[in-house]
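# Architecture at a glance
So the chains spell out like this:
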Amino acid sequence: MSRNILITGGAGFIGSNYINYHLKKYKEDKIINLDLLTYAGNLDNTTEFSKNSNYTFIHADICDLNKLNDLFESHQITDVIHFAAESHVDNSINGPEAFIQTNIIGTHCLLQTAYRHWSKNNSIETSRFHHISTDEVYGSLDETGLFTEKSQYSPNSPYSASKASSDMLVRSYNQTFKLNTVITNCSNNYGPKQHKEKLIPKVIINILNKKPVPIYGKGTNIRDWLYVEDHCEAIYKVFNEGIPGEVYNIGGDNEYKNIDLVLLICEKIAKLKNVDVNEYISLITYVEDRKGHDYRYAVDITKIKSELGWVPKHEIHKSIENTILYYMKQNDR
Ligand code: NAD
């Protein structure tokens, strides 16, 4: 079976890793990558596959309905995997408007266009709309418990509220129009090609350049970390095998306090560079906490494990080293 899959946001961190994964995994599909190339998008992220004959790049905004209509028509889009978003919580606190526009309006433009085209082609049941979302829609946990697919939505930042809204719109197109949707809510990703504004790249780059390493509050907030390649594998599974209308949580079963993660990175870089770790630890600088900072996120992955047989495979000690090596190479450029 050959599909014409529209991937949005494929010049960003997870989208570009996913396209690389998909093109290698299944060679029959055509991938059309639509990306606005905001500050977060970078065509360098696509060099590994940009010359693949099954790959096309389109520079466009997911909020541009005319462009989307033309694209669905000209490329006969059969499926969508929707990554494009404003993705950084801090930016959403400083300026929420772009998050409302891209994450909510943009998602609706895609849903509307997909519905229009696929109902015309009688492919509503077979064409898949996979929405990539976050575990942050569920809010914050205290020391115990995990988010399941049935947890109540309680988003706390403009970013998570905009993602929660987009999840609800996707759900509504399934319930009302029978669009063949799946939603995946994933925990924090790390790996190559992540924008330097995010925690792990920022810590690595600042250490490599001997700059202060800022940590919010006391560094005690807890996140679950998943290597991006594991996320790509999970997306591929859900895209191909997930049940229409269903939601799947994805996570690494791998919780770290922010400070412990930073100390791990210090240790790894010190070992790679044969430097005394205290030189890097002394760069750690505690800064005023993020407004409304969620204390802990952690997801229950029983559903995707038991129904689709997916489990995370990458162990953080090894994968964080790969990630550090990637940024060392970038830093030396
Ligand atoms: P990213 O910021 O690295 O990439 C986002 C991409 O979307 C960029 O290439 C950008 O140019 C593009 N984009 C932004 N606005 C656009 C628009 N209006 N039209 C077209 N393209 C646009 O983000 P990421 O970290 O790769 O995240 C991808 C998706 O995964 C997002 O939906 C995010 O909410 C979700 N997610 C991310 C994480 C994580 O840890 N990074 C975890 C769970 C879920």
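The protein chain carries the name dTDP-glucose 4,6-dehydratase in an unreviewed UniProt entry, which gives Halobacteriovorax vibrionivorans as its organism. Under the heading Catalytic activity (unreviewed entry), UniProt records this for the protein chain: "dTDP-alpha-D-glucose = dTDP-4-dehydro-6-deoxy-alpha-D-glucose + H2O".

### A short note on unusual backbone geometry
One non-glycine residue with positive phi stands out, namely Leu37, at about 55°. On the basis of relative accessible area, Leu37 is assigned to the partly exposed category, the value being 28%. In the Ramachandran plot, Lys210 falls in the positive-phi region, its phi being about 55° despite a non-glycine side chain. By relative accessible area, Lys210 is classed as exposed at 54%.

### Digging into empty space enclosed by the protein
Applying the stated criterion across every chain yields a total of one cavity of 30 Å³ or more. Val89, Ile93, Glu136, Ser157, Ser160, Arg290, Lys291, Gly292, Asp294 and Tyr297 together form the lining of the largest cavity. Broken down by class, the residue content of the lining of the largest cavity amounts to three nonpolar, three polar and four charged.

### Some details on the sheet that holds strand E11 (residues 255-257)
Two pairing modes exist for strands in a sheet, parallel and antiparallel, and in both the strands are linked by backbone hydrogen bonds. Spatially, the three strands line up as an open sheet ordered E7-E9-E11, and their pairing is mixed. The strands lining the two open edges of the sheet, one partner per strand, are strand E7 (188-190) and E11. Neighbour-to-neighbour, the strand axes of the sheet open up by a mean angle of 50°, direction not taken into account. Bridge count between E7 and strand E9 (residues 222-227): three bridges; the pairing is parallel. Counted as the bridge partner of Tyr190 is Tyr227 from E9.

### Details of helix H6 (residues 199-208)
Across the 10 residues of H6, eight count as buried, placing the element largely inside the fold. Turning to H6, its buried residues are Ile200, Pro201, Val203, Ile204, Ile205, Asn206, Ile207 and Leu208. Among the structural elements, E7, strand E8 (213-216), E9, helix H8 (258-273), helix H9 (277-281) and helix H11 (316-332) are those in contact with the buried residues of H6. Positive phi appears at Lys210, one or two residues downstream of H6, with a value of about 55°.

### Describing the sheet that holds strand E3 (residues 55-59)
Taken together, the seven strands give an open sheet; going across it, the order is E3-E2-E1-E4-E5-E6-E10, and neighbouring strands pair in parallel fashion. The two strands at the open ends of the sheet, each matched to only one other strand, are E3 and strand E10 (247-250). Adjacent strand axes in the sheet meet at a mean angle of 20°, parallel and antiparallel pairs treated alike. Judged from the five bridges that link them, strand E1 (residues 4-8) and strand E2 (residues 30-35) form a sheet pairing that is parallel. Paired with Thr8 across the two strands is Leu34, which belongs to E2.

### What about the layout of surface pockets?
When its volume is computed, the second largest pocket comes out at roughly 320 Å³. For the second largest pocket, the lining is made up of 16 residues, of which Glu149, Arg171, Gly245, Glu246 and Val247 are closest to its centre. Only helix H5 (158-177) and strand E6 (180-186) provide two or more residues apiece to the lining of the second largest pocket. Among the elements that make up the lining of the second largest pocket, the one with the highest residue count is H5 (five residues). Across the lining of the second largest pocket, the residue classes tally to five nonpolar, five polar and six charged.

Quick notes on the rules
- Residues numbered from 1 in each chain as written.
- Predicted model: local features only at pLDDT ≥ 70, side-chain atom pairs only at ≥ 80, totals over all residues.
- Heavy atoms only, no water.
- UniProt positions renumbered as here; feature names shortened; annotations may be inferred.
- Buried < 20%, exposed > 50% of the residue type's maximum accessible area, 1.4 Å probe, protein only.
- 1 Å grid on protein atoms, 1.4 Å probe; cavity = no way out; pocket = protein on both sides within 12 Å on 5 of 7 lines; lining within 4 Å.
- Points joined across faces, edges and corners; volume = space filled by probe spheres on them.
- Nonpolar A, V, L, I, M, F, W, Y, C, P; charged D, E, K, R; others polar.
- Pairing = 2+ DSSP bridges.
- Helix = DSSP H or I, 4+ residues; strand = E, 2+ residues; numbered from the N terminus.
- Axes fitted to C-alpha atoms, helices over the stretch in contact; angles between N-to-C directions.
- Contact = heavy atoms within 4.5 Å.

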